[in-house]
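Below, each chain spelled out in residue letters.
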Amino acid sequence: MNDDDDSDSNSHSKMMKEHNVDLKDADVPMQELNLPKVLKPDKQTKHDVYYTVIAQKGKTDFHDGGKLTKTLGYNGSYLGPVLNLKRGQTVHIKEVNHLDEKTTFHWHGAIISGKADGGPHEPVKPGKTKKISFKVRQPAATLWFHPHPSGTTGKQVYKGLAGLIYIHDRKSKCLSLPDNYGVDDFPVVVQDRTFDKNNQLNYKKDYNADRTLGKNLMVNGTLNPYINVTTRYVRLRLLNGSNTRNYNFYLNHHQKMIKIAGDGSFLAKPVKIKKLQLSPGERAEVIVDTHKLNVGSNLQLKTGGMKALTMKLNQQRDNLTSLPDKLSDRKALKVPKKNVNHEKLVLSGMSNMVRINGKKYNPDRIDIHAKRNQQQIWTIENKKEMMMNMIHPFHLHGVQFRIISINGKKPSKSQRGFLDTITLNPGDKYKISFRFEEKGLYMYHCHNLEHEENGMMGQVLVE
Ligand code: C2O
Ligand code: CU
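Residues numbered from 1 in each chain as written. Chains lettered and ligands numbered in written order. Predicted model: local features only at pLDDT ≥ 70, side-chain atom pairs only at ≥ 80, totals over all residues.

### Concerning the sheet that holds strand S10 (residues 141-146)
Point 1. With mixed pairing, the four strands of this open sheet are ordered in space as S6-S11-S10-S8. In this open sheet, the two edge strands, each paired with only one partner strand, are strand S6 (82-86) and strand S8 (106-108). Sheet twist, expressed as the mean angle between neighbouring strand axes with direction ignored, is 25 degrees.
Point 2. Looking at chain direction, S6 and strand S11 (residues 163-168) are connected through five bridges and run parallel. (Pairing = 2+ DSSP bridges. Helix = DSSP H or I, 4+ residues; strand = E, 2+ residues; numbered from the N terminus. Axes fitted to C-alpha atoms, helices over the stretch in contact; angles between N-to-C directions.)

Structure (structure tokens):
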């Protein structure tokens, strides 16, 4: 197994006037990590699977018997269930809006037609239902879904609307990786939230045009969470489901993590990493190997000195003899030179001045025209400015792309899979390669949800 070549510099440049909220330990005893339910299909045939996903209001107990918090969730009171999909299957989803306001159902990371993708142009009104179908044509990965309505995405996500999608394929079934849900394979949806003195989430109060931040870390809606580890290898499927906060995850006891997957696919090989930067919208799958640690000790997943998740090492039963050397047969990236469509996107500004190519989002303007299946090379740049330097997580809908270069250099081994979101530090320039496999209208935007709402979004029409 290789150590990551660590070629990505995590330059954290000085930022002016940046709003900040320090994380604090939550004032609750350790609680066992919530495991989202695995959603049962309404119906299943050989090639088709049918689900109903309901956006609804609810009340959630985050404080171990304290006052309940008013929240939103999918098929439950906070967050959503896991949808297990198989490559090759056609998925039919009935999207039901039981909220008092419009919402959309966006399938972040899915290769899906623009009509079903659930961007701001596809609202579902209160009390209404929308039916979508798509064929799962992408490899095994951990994706997610969340609302995307114009003007209220940040609020609806903050209140709890987000869920996970696991895509399985024939290869992922055969790989010797932990895959026993809730036993050695855990969903880890990390969010920061502030609870007011009545235990309520107050988006308006916590809102900041650049950085809507919370005081407490939560995983799967659990404050101060722990899991019982009973096996040598543990798989964590991490999602940064926060509005703005970036995480730099690491383990205590000087342990390394083994990264096996990014947003949209496995890596070619497992890569040992010390740190994992994850900005809003990004996912990563890591394996934690506990064999050098004593039974009875606690291993912690931390970020910025704070603990995100405690792993209580209760037993060390071998669940696998070893990890695979190879995770996928994907070839090294070769980009054709002919018939390529080049685009350049420059991200700039902060707070109400955020822009892409100098423009704010306009639903009536198509920013980019593209052809289905045409090779695309896009350059995305986070422009360095005197006063306004921020990290912008850039996300493109409807595709999975690969990185050609970061600031002229090849991406590190841990960044070489398929991705749908990239973290741009001030001054960073990424070149990405992909094709749109489906038609329709797609968004690209900063996944700092308040930047997105302030207009850091554009539209590409694929015909
Ligand atoms: Cu995760 Cu445009 O969204
Ligand atoms: Cu941004």
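### Here's the deal with the nonpolar core
Within soluble globular proteins, side chains that are nonpolar generally end up buried alongside one another.
Point 1. Ranked by internal contacts, the top residues of the largest apolar core, which has 109 residues, are Ile165, Val190, Val286 and Val288.
Point 2. Among residues more than four places away in sequence, those in contact with Val288 are Val234, Leu236, Leu251, Met257, Leu299 and Met311. (Core = buried A, V, L, I, M, F, W, Y, C linked by C-beta atoms within 7 Å. Buried ≥ 20, exposed ≤ 12 C-beta atoms within 10 Å, placed from the backbone. Contact = placed C-beta atoms within 7 Å.)

### Digging into unusual backbone geometry
Point 1. For Leu79, which is not a glycine, the phi torsion comes out positive at approximately 55 degrees.
Point 2. As for its placement among the helices and strands, Leu79 is situated in the loop between strand S5 (69-74) and S6.
Point 3. Given 27 C-beta atoms within 10 Å, Leu79 falls into the buried group.

### Thoughts on the environment of Glu450
Point 1. For Glu450, the position within the fold is in helix H4 (residues 449-453).
Point 2. According to the C-beta neighbour criterion, Glu450 is buried, with 22 such atoms within 10 Å.
Point 3. Separated by 239 residues in sequence, Glu450 and Arg211 have C-alpha atoms that sit 7.2 Å apart.
Point 4. Dropping the residues within four chain positions of it, Glu450 is found in contact with Gly154, Asn208, Ala209, Asp210, Thr212, Asn243 and Thr244.

### Focus on the domain arrangement of the protein
By a frequent convention, interface size equals the accessible area lost on bringing the separate parts together.
Point 1. Looking at the protein, the domain boundaries give domain 1 (31-174), domain 2 (176-317) and domain 3 (340-462).
Point 2. Across the contact, 33 residues belong to domain 1 and 33 residues belong to domain 2.
Point 3. At the level of secondary structure, the elements contributing two or more residues to the side of domain 1 that touches domain 2 comprise strand S2 (31-32), S5, S10 and helix H1 (153-158).
Point 4. For the side of domain 1 that touches domain 2, the element with the highest residue contribution is H1, accounting for four residues.
Point 5. Split by residue class, the side of domain 1 that touches domain 2 holds 16 nonpolar, twelve polar and five charged. (Domains from an automatic or database assignment. Nonpolar A, V, L, I, M, F, W, Y, C, P; charged D, E, K, R; others polar.)

### Quick word on the UniProt feature "domain: Plastocyanin-like" (unreviewed entry) in the protein
Point 1. With numbering aligned to this structure, UniProt lists the feature "domain: Plastocyanin-like" (unreviewed entry) at residues 64-171, 191-292 and 342-463.
Point 2. Secondary structure across residues 64-171 divides into 7% helix and 38% strand, with the first and last C-alpha atoms of the span separated by 41 Å.
Point 3. A distance of 30 Å separates the end C-alpha atoms of residues 191-292, which is 4% helix and 51% strand. (UniProt positions renumbered as here; feature names shortened; annotations may be inferred.)

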